[in-house]
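Examining the three-dimensional arrangement
As a plain string of letters, each chain reads:
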Amino acid sequence: MSFREDSGEEGRDLRKPFLHTGSWYRMGSRQSSMMGSSQVMRDSSISVVACVLIVALGPIQFGFTSGYSSPTQAAIIADLGLSVSEYSLFGSLSNVGAMVGAIASGQISEYIGRKGSLMIAAIPNVIGWLAISFAKDSSFLYMGRLLEGFGVGIISYVVPVYIAEIAPQNLRGSLGSVNQLSVTIGILLAYVLGLFVQWRYLAVLGILPCTILIPGLFFIPESPRWLAKMGMTDDFEASLQVLRGFDTDISIEVNEIKRSVASTTRRTTLRFAELKQRRYWLPLMIGIGLLVLQQLSGINGVLFYSSTIFETAGITSSNAATCGLGAVQVIATGVTTWLVDRAGRRLLLIISSAGMTVSLLVVSVAFYLKEYAVVDSGVYSMLSIISVVGVVAMVIAFSLGVGAIPWIIMSEILPVNIKGLAGSIATLSNWFVAWVVTMTANLLLEWNSGGTFTIYMIVSAFTVVFVTIWVPETKGRTLEEIQWSFR
């Protein structure tokens with residue numbers, strides 16, 4: 001049965017996109033024959049890149065939220081009279097809110113579309129930053145942080161999925177890496193601006209990404225694959241046409257998407273029992289495994305402890321060193337964006353996790369040896385420098401693959417009919433483990449620094465094995481080809 005016949009009547013009853021902008025696509029298609037070939041919107045790569053740059057404001061917001069609590073700690077504690085434990089709670093509440101957002105993200109994006117989900121995520125972010133900027137006590141701080149976290153939880157799932165669903169197969173990896181690159185840019189912006197801007201004004205600046213994102217969403221197409229799943233054939237084809245260029249023949253890609261959707265159920269909910277089928281549990285296991293191992297590698301704990309080991313190594317300005325580390329993350333992630341569609345996801349993941357294993361081994365050995373070295377001796381100073389080099393190398397290795405690629409693969413391998421449920425589970429797992437690592441890092445480091453980094457090293461070594469055995473290469477394949485390979 002064809003897609004049109006199967007979905008004709010049922011499609012009328014399905015939900016329309018939350019942000020419906022399909023009319024200007026058709027207008028563009030009608031006018032395209034009268035436009036010169038130099039028009040940029042007829043270049044598919046320009047069109048898709050413009051869409052990605054708009055939704056990338058979401059991950060910038062994500063990164064700014066993550067980085068905000070670092071440079072503002074002393075000022076907020078002094079102004080509002082908070083204890084260190086109260087401020088620690090403030091910092092961790094974004095993870096709690098993100099877990100709630102992650103649970104809701106899949107179903108929200110399935111019911112109202114990818115663009116509508118980003119709109120819903122942007123609004124609590126704006127309210128949250130306003131609550132923090134006008135806070136007179138801890139209650140407004142906590143409320144604002146929870147709201148920000150909720151929005152970030154939705155953003156962390158929807159943006160990589162949207163990018164994967166609109167990007168052509170030859171650009172999907174590079175464009176997907178923009179998600180993590182934007183997160184690192186947001187973190188760096190929070191670090192750098194935090195050196196010069198008072199914490200209330202910094203919170204006001206945090207509103208900017210989402211206030212630009214909200215109107216920007218009205219000028220980009222909805223995901224064509226979501227529209228196809230919802231039975232909106234005309235809007236689906238119009239969306240795909242504007243993404244690929246008005247003069248591009250999209251018939252082959254249209255037929256592939258139609259066949260993929262016709263072979264799956266169009267129900268927006270799925271029973272957990274159905275996840276036992278191999279075509280479902282295998283991609284779900286790979287997606288969850290990569291996102292959990294990403295956090296278990298201890299990246300949040302390492303970044304948390306970086307300022308302390310910089311001080312130990314004799315670097316007087318730990319804030320400047322933290323900004324430097326943030327800049328290193330941005331550069332390394334930018335390199336990944338360039339490499340991922342050339343070298344492939346799988347190879348970069350293996351190189352990245354292997355590099356993290358070696359770096360963490362160096363750091364752990366340095367800390368073990370420092371226990372036997374005389375303080376203020378030349379050997380002790382050398383070991384401190386080695387530990388700093390190891391941490392920087394670990395962050396570079398993380399940014400070259402493990403930071404960005406798990407999100408790309410998760411958005412590529414999950415079948416369209418389970419993407420909402422499975423994506424929520426994978427995103428929730430990532431945020432939960434991130435919260436556990438953040439909460440336990442300080443306790444573990446007080447217990448034994450060398451032992452802590454050894455644990456992280458073992459996880460990174462296991463990641464190499466996991467990727468080698470289970471993770472398929474998705475470079476140069478359509479989403480439909482990737483998902484058919486699990487059947």
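Scroll up a little and you will see the structure.
From a predicted model like this one, the values you see are computed outputs, not experimental measurements.

**What to know about the environment of Ser70**
Secondary-structure assignment places Ser70 in helix α4 (residues 57-80). Residues Ser70 and Ile187, spaced 117 residues apart in sequence, show a C-alpha to C-alpha distance of 9.8 Å.

**Remarks on the pattern of salt bridges**
Taken as a whole, this structure holds twelve salt bridges when the rule is applied. Where Arg145 meets Glu148, a salt bridge forms, and the shortest distance between an N and an O atom there is 3.6 Å. Here Arg145 and its partner Glu148 are both found in helix α6 (residues 138-166), three residues apart, which amounts to about one turn of the helix. The exposure class assigned to Arg145 is buried, which follows from its relative accessible area of 1%. The salt bridge involving Lys258 is made with Glu237; its shortest N-O contact spans 3.3 Å. Of this pair, Lys258 sits in helix α12 (residues 251-262) while Glu237 sits in helix α11 (residues 233-244), and the two are 21 residues apart along the sequence. For Lys258, a relative accessible area of 15% translates into the label buried. For Glu237, a relative accessible area of 22% translates into the label partly exposed.

**Section: the side chain of Asn430**
Note on placement: Asn430 falls in helix α19 (residues 419-447). What makes Asn430 buried here is its relative accessible area of 3%. A polar atom in the side chain of Asn430 sits 2.9 Å from the backbone oxygen of Leu291. With near-sequence residues (within four places) excluded, Asn430 lies in contact with Leu291, Gln294, Gln295 and Trp407.

**A word on a nonpolar patch on the surface**
Together, Trp281, Phe462, Val465, Ile469 and Trp470 make up a nonpolar patch on the protein surface, roughly 520 Å² of accessible area in all. Broken down by element, the residue count for the nonpolar patch peaks at four residues, all from helix α20 (residues 449-470). Here Trp470 shows up in helix α20. What makes Trp470 partly exposed here is its relative accessible area of 40%.

**Comments concerning the packing of aromatic side chains**
One pass over the full model with this rule turns up eight aromatic pairs. Centroid distance Phe62 to Trp431: 5.3 Å. Interplanar angle 40 degrees. Geometry classified as tilted. On the criterion of sequence distance, the pair formed by Phe62 in helix α4 and Trp431 in helix α19 is long-range, its members being 369 residues apart. The residues Phe62 and Trp431 share a single accessibility class, namely buried. Relative to Phe453, the ring of Phe367 lies with its centre 5.5 Å away and its plane at 5 degrees, an arrangement referred to as stacked. Here Phe367, found in helix α16 (residues 345-370), pairs with Phe453, found in helix α20; they are 86 residues apart in sequence, far enough to count as distant.

**Examining the packing of α19 against α20**
At a minimum axis separation of 6 Å, α19 and α20 run at an interaxial angle of 135 degrees. The pairing of α19 with α20 is recorded here as oblique in orientation. In this structure, α19 uses Val437, Ala441, Leu444, Leu445 and Trp447 to contact α20, whose residues at the interface are Ser449, Gly451, Thr452, Phe453, Ile455 and Tyr456.

**Notes on the nonpolar core**
The nonpolar side chains of soluble globular proteins are, as a tendency, buried together. Within the largest apolar cluster, 61 residues are counted, with the highest numbers of intra-cluster contacts made by Tyr68, Ile76, Phe90, Ile132 and Leu141. If one sorts the elements of this core by residue count, helix α5 (residues 84-133) sits on top with twelve residues. Residue contacts for Tyr68: discarding those within four places in its chain leaves Ile76, Phe90, Trp129, Ile132, Arg145, Ala190, Trp199, Leu202 and Ala203.

**Notes on the environment of Ala422**
Tracing the backbone through its elements, the reader meets Ala422 in helix α19. In this structure the C-alpha to C-alpha distance between Ala422 and Gly106, which are 316 residues apart in sequence, comes to 7.7 Å.

**Let's talk about helix α9 (residues 208-216)**
Taken as a whole, α9 has its buried residues at Pro209, Cys210, Leu213 and Gly216. When α9 is viewed along its axis, its buried side chains cluster within an angular range of 120 degrees and face the same direction.

**A look at the side chain of Thr474**
With respect to the helices, strands and loops of the structure, Thr474 is situated in the loop between α20 and α21 (479-484). Engagement of the side chain of Thr474 in a polar contact is seen with the side chain of Glu412, the distance being 2.5 Å. Apart from residues no more than four positions distant in its own chain, Thr474 is found in contact with Arg172, Arg345, Glu412, Ile413 and Ile482.

Quick notes on the rules
Residues numbered from 1 in each chain as written. Predicted model: local features only at pLDDT ≥ 70, side-chain atom pairs only at ≥ 80, totals over all residues. Heavy atoms only, no water. Helix = DSSP H or I, 4+ residues; strand = E, 2+ residues; numbered from the N terminus. Salt bridge = Lys/Arg side-chain N within 4 Å of Asp/Glu carboxyl O. Buried < 20%, exposed > 50% of the residue type's maximum accessible area, 1.4 Å probe, protein only. Polar contact = N/O pair within 3.5 Å; in protein donor to acceptor, adjacent residues only side chain to side chain. Contact = heavy atoms within 4.5 Å. Patch = residues over 30% accessible without salt bridge, like charges linked within 9 Å, V, L, I, M, F, W, Y side chains within 5 Å. Areas by Shrake-Rupley, 256 points an atom, 1.4 Å probe, with all protein chains shown as cover. Phe/Tyr/Trp six-rings, centres within 6.5 Å; stacked < 30°, edge-to-face > 60°. Axes fitted to C-alpha atoms, helices over the stretch in contact; angles between N-to-C directions. Parallel < 35°, antiparallel > 145°, perpendicular 65-115°, else oblique. Core = buried A, V, L, I, M, F, W, Y, C linked by side-chain atoms within 4.5 Å. Arc of directions from axis to C-beta.

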